[in-house]
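Breakdown of the fold
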Amino acid sequence: MSVIKQTTEWLETNWVNPAYGGFLLAGIAICFFGAATNTMAGWLYVISGIIFALLGLAALLPVRSLKQIQIRRLPISPVSVGDQLTIEIEIENQTNKPKTLLQVQDILQAELGQPILTAVEIIEPQSIYHWVYYHPTHKRGIFRWHEVQLRTGTPLGLFWCRRSWEVIAKAIVYPTVLPLSSCPLVDEL
């Protein structure tokens, strides 16, 4: 993993990671500030100050948006190989303000496949969003995973913020059930 990718991952999971638009707007603000110091024009200072204030606000709001959220997972019913697992996740907004524009990602065990991703437009205040998805099974066994991630860039999309929740899951996949029309052992009795 490259140093840049590690840095962006760390920023996104611990604070906020600037998006392309955030970098671009910061560059424009620096250019306005440089032009203001070069020409001593007050209106250029004002423009650069407003842009820096907008960037500061855009960096704080995604972190605030992911606070006071609780995630629960309902028990997963056992299935046979070839059937689909029914996975249900509840995301509860415990605040008095709506939570908007979230990406929810269920990090599955490697044997089950790639992480499953969905977008949530809005979770109303003091309410619960139910996410139900179906995942095919190709292997028998007991599968455990424990991580659900929420990611947002709300409201301006200039910075991304991602947080993880520990939500334990256990799925039991039984071997394939084959129909048996006759059984020689039972027929002999």
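Since this is a predicted model, take the numbers as computed values, not measurements. (Residues numbered from 1 in each chain as written. Predicted model: local features only at pLDDT ≥ 70, side-chain atom pairs only at ≥ 80, totals over all residues. Heavy atoms only, no water.)

Another aspect to go through is the nonpolar core. Of all hydrophobic cores here, the largest spans 37 residues; its most connected members are I69, I71, L85, I91, W145 and L150. When residues in this core are grouped by element, the largest group, seven residues, is from strand β9 (residues 159–174). If we skip the residues at most four places from it in the chain, L85 touches I76, S77, V79, L112, Y133, Y134, H135, T137, A171 and V173. (Core = buried A, V, L, I, M, F, W, Y, C linked by side-chain atoms within 4.5 Å. Buried < 20%, exposed > 50% of the residue type's maximum accessible area, 1.4 Å probe, protein only. Helix = DSSP H or I, 4+ residues; strand = E, 2+ residues; numbered from the N terminus. Contact = heavy atoms within 4.5 Å.)

Glancing now at the packing of aromatic side chains. Taken as a whole and assessed by the stated rule, the structure comprises two aromatic pairs. Here W131 and Y133 contribute two aromatic rings whose centre-to-centre distance is 4.8 Å and whose plane-to-plane angle is 35°, an arrangement assigned as tilted. Comparing W131 with Y133, the two get one shared label, buried. (Phe/Tyr/Trp six-rings, centres within 6.5 Å; stacked < 30°, edge-to-face > 60°.)

With an omega dihedral of 0°, the bond running from T154 to P155 counts as a cis peptide bond. Within the secondary structure, P155 sits in the loop between β8 (141–152) and β9. Residues other than glycine seldom take positive phi values, yet M40 does so here, at roughly 60°. As for its placement among the helices and strands, M40 is situated in the loop between α2 (20–39) and α3 (42–65). Of note in this structure, Q68 is not a glycine but carries a positive phi near 55°. By the element assignment, Q68 lies in the loop between α3 and β2 (69–73).

Now for the pattern of salt bridges. Any two side chains of opposite charge can pair, so long as their charged atoms come close to each other. Inspection of every chain in the model, using the stated rule, returns six salt bridges. The closest approach of N and O atoms between R162 and E9, which form a salt bridge, is 2.5 Å. Placement of R162 in strand β9 and of E9 in helix α1 (residues 3–14) is noted, with a sequence separation of 153 residues between them. With a relative accessible area of 12%, R162 lands in the buried category. Between R72 and E92 there is a salt bridge, with the nearest N and O atoms lying 2.9 Å from each other. (Salt bridge = Lys/Arg side-chain N within 4 Å of Asp/Glu carboxyl O.)

This next bit is on the packing of α2 against α3. Orientation of α2 relative to α3, taken along the N-to-C sense of each, is 155°, at an axis distance of 8 Å. Between α2 and α3, the angle is such that the two are roughly antiparallel. Taken as a pair, α2 and α3 cross one another with a handedness that is left-handed. For the pair formed by α2 and α3, the contact residues are G22, L25, A26, I28, A29, I30, F32, F33, A35, A36, T37 and T39 on the first element and L44, Y45, I47, S48, I51, F52, L54 and L55 on the second. Tallied by class, residues from the contact of α2 with α3 come to 16 nonpolar, four polar and no charged. (Axes fitted to C-alpha atoms, helices over the stretch in contact; angles between N-to-C directions. Parallel < 35°, antiparallel > 145°, perpendicular 65-115°, else oblique. Left-handed = near helix turned anticlockwise from the far one by under 90°. Nonpolar A, V, L, I, M, F, W, Y, C, P; charged D, E, K, R; others polar.)

This part takes up the sheet that holds β2. With antiparallel pairing, three strands are arranged side by side in an open sheet as β2-β4-β7. Sheet topology places β2 and β7 (128–136) at the edges, where each strand pairs with a single neighbour. Within this sheet the neighbouring strands show an average axis-to-axis angle of 20°, counted without direction. Sheet topology places β2 next to strand β4 (residues 84–93); five bridges connect them, and they run antiparallel. Residue pairing for β4: I69 is matched across the bridge by N93. (Pairing = 2+ DSSP bridges.)

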